[in-house]
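Architecture at a glance
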Amino acid sequence: MMKRTDDYKAKLELWAEEGRVVRMPRAVGFPAFGSRRFSSGAEMNAWKKELLAETARHGGVRWTN
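Residues numbered from 1 in each chain as written. Predicted model: local features only at pLDDT ≥ 70, side-chain atom pairs only at ≥ 80, totals over all residues. Heavy atoms only, no water.

This brings us to the overall build of the protein. Of the regular secondary structure elements, the protein holds two helices and two strands. The order of helices and strands in the protein, counted from the N terminus, is α-β-α-β. Relative to the globule expectation of 11 Å for 65 residues, the C-alpha radius of gyration of the protein, 19 Å, shows a markedly less compact shape. Dimensions of the protein, computed from C-alpha atoms along their principal axes, come out at roughly 50 × 30 × 20 Å. Counting only residues that meet the buried cut, the protein has 8% of its 65 residues in that class. Across the protein, the fraction of contacts at a sequence separation of at least 24, relative to all contacts at a separation of at least 6, is 56%. Accessible area for the protein stands at about 6300 Å²; split by element, carbon and sulfur atoms hold 56% of it. (Helix = DSSP H or I, 4+ residues; strand = E, 2+ residues; numbered from the N terminus. Rg over C-alpha atoms; globule rule 2.2 N^0.38 Å. Buried < 20%, exposed > 50% of the residue type's maximum accessible area, 1.4 Å probe, protein only. Contact = heavy atoms within 4.5 Å. Areas by Shrake-Rupley, 256 points an atom, 1.4 Å probe, with all protein chains shown as cover.)

Quick look at the structure:
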């Protein structure tokens, strides 16, 4: 018999058996951004680095319910 901790799909099965919807937290304080296209991975990484720096300057992200 396989333990639930060894089963890859165990979490999904447990959630399906429970049958209730759990409210997920949302991130507050993350800067808004739209769809973007990058010509290289380096360009995308530079954009991500600036986005994270901006987030840090504004106090970071807080999780709320």
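So, next bit.
Now for the pattern of salt bridges. Taken as a whole, this structure holds one salt bridge when the rule is applied. The salt bridge partner of Arg57 is Glu50, with a shortest N-O separation of 3.0 Å. Judged by its relative accessible area of 57%, Arg57 falls in the exposed class. With a relative accessible area of 42%, Glu50 lands in the partly exposed category. (Salt bridge = Lys/Arg side-chain N within 4 Å of Asp/Glu carboxyl O.)

What follows concerns the environment of Ala27. Examined against the element boundaries, Ala27 turns out to sit in strand β1 (residues 26-28). By relative accessible area, Ala27 is classed as partly exposed at 39%. Spatially, the C-alpha atoms of Ala27 and Val61 are 6.1 Å apart, while their sequence positions differ by 34 residues. Apart from residues no more than four positions distant in its own chain, Ala27 is found in contact with Val61, Arg62 and Trp63.

Another point: the side chain of Thr55. Within the fold, Thr55 resides in helix α2 (residues 41-57). Judged by relative accessible area, Thr55 falls into the buried class, the value being 6%. Not counting the four nearest positions on each side in its chain, Thr55 is found in contact with Gly29, Phe30, Pro31, Gly60 and Val61.

These figures come from the coordinates and say nothing about function on their own.
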